[in-house]
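# An overview of the molecular structure
Here is how the chains run, residue by residue.
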Amino acid sequence: MKSLYDFAYLQNEVFYRSECILKYLERHKDISKLDKEAIINTLLDALVYKGLMNPDTESLDFEHLCIRDDLDHIRYDNTPNVTSIPQEIKEAMRHKSIIISASVPISIFCAKPASEIHTCIYDMNTAISSLFDSFKFLLCDYDSPTRPGVRALQRPFVEVIINGEAYLVDTLTKRIFKSSWFKTTYNMSITEEIAFEDFDRKRQRIYQNQTSPSQQLATYYHLMGVMEDAFKTVPKMEEALFEFEKSKENYPEAIAEMDFIKEDMQRLGLL
């Protein structure tokens, strides 16, 4: 038996709805059935991705938050009904910085919690779509998974293929849903749909411009430096702060540029 708290990776680098996943479980005692399923699959995805669990011989005992050396508990599924954005995709997000993601890595851009920072779901969907060769933009109506009796209207998703299965990416909640399951379970109807292959020339040009490489991390680092301490007191900023620090490993040249900007501003008496 291995406690989930023995894995530093889970404690520090895996998130659920913008919070560290194990801390999320501590802070949210009364989670919904949907959240429970998504958290379970997020934990399994992270452990298998990082090579910390053998899916052929081990399973998750969620009740006791541990990994057991048997297959008698919850087994890993590479096409679950609901989970957070998979770790493999998050890693790709860390290495792509484009115009629509505000010229910072997509991982930072999409980590922002909607409840704390104003963000545009259409921009986030476009950013996520750029990681895939093919995708669809959808507007949908469906029965709310979390608010019984409420019908969500005109909600935008980006649909992509992950492990051979169609998934709806919900960039606001940082979750993905197996399309076939979600459509049936929540009585989903599509009001508007367009695939990348069906873009006309104008839309292609707009999309190509929005997803063109662009990186202005040095300026972002400078601004985040002013707000970082305040953000540390907000649990839903944990993922954004982690991705902020992680980007420094992937973009060391931006750190050097930020230092140059600071020196220049000091020389001009602006700092």
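Note that the structure is a prediction, hence the values are computed from the model and not measured. (Residues numbered from 1 in each chain as written. Predicted model: local features only at pLDDT ≥ 70, side-chain atom pairs only at ≥ 80, totals over all residues. Heavy atoms only, no water.)

This brings us to the pattern of salt bridges. Considering all chains together, one arrives at 14 salt bridges under this definition. The salt bridge partner of Arg27 is Glu238, with a shortest N-O separation of 2.7 Å. One end of the pair, Arg27, is in helix H2 (residues 21-27); the other, Glu238, is in helix H10 (residues 238-250), and 211 residues separate them in sequence. For Arg27, a relative accessible area of 38% corresponds to the partly exposed category. Judged by its relative accessible area of 15%, Glu238 falls in the buried class. Of the charged contacts in the structure, one is a salt bridge between Glu243 and Arg94, with a shortest N-O distance of 2.9 Å. Within this pair, whereas Glu243 is found in helix H10, its partner Arg94 is found in helix H4 (residues 87-94), the two being separated by 149 residues in sequence. The same class applies to Glu243 and to Arg94, which are both buried. (Salt bridge = Lys/Arg side-chain N within 4 Å of Asp/Glu carboxyl O. Helix = DSSP H or I, 4+ residues; strand = E, 2+ residues; numbered from the N terminus. Buried < 20%, exposed > 50% of the residue type's maximum accessible area, 1.4 Å probe, protein only.)

Next up on the list: the side chain of Thr42. Looking at the secondary structure, you find Thr42 in helix H3 (residues 33-49). Given a relative accessible area of 3%, Thr42 falls into the buried group. One polar contact links the side chain of Thr42 to the main-chain carbonyl oxygen of Ala38, over a distance of 2.7 Å. The residues touching Thr42, leaving out its near neighbours within four places in the chain, are Val14, Phe15, Tyr16, Ile21, Thr83 and Ser84. (Polar contact = N/O pair within 3.5 Å; in protein donor to acceptor, adjacent residues only side chain to side chain. Contact = heavy atoms within 4.5 Å.)

Before going further, it helps to examine the sheet that holds strand E1 (residues 2-3). The 3 strands are arranged E1-E5-E4 in an open sheet whose pairing can be described as antiparallel. Edge positions in the open sheet fall to E1 and strand E4 (59-61), since each of these has one partner strand only. As judged from the 3 bridges shared by E4 and strand E5 (residues 66-68), these two strands associate in the antiparallel manner. Looking across to E5, one finds that Ser59 is bridged to Arg68. (Pairing = 2+ DSSP bridges.)

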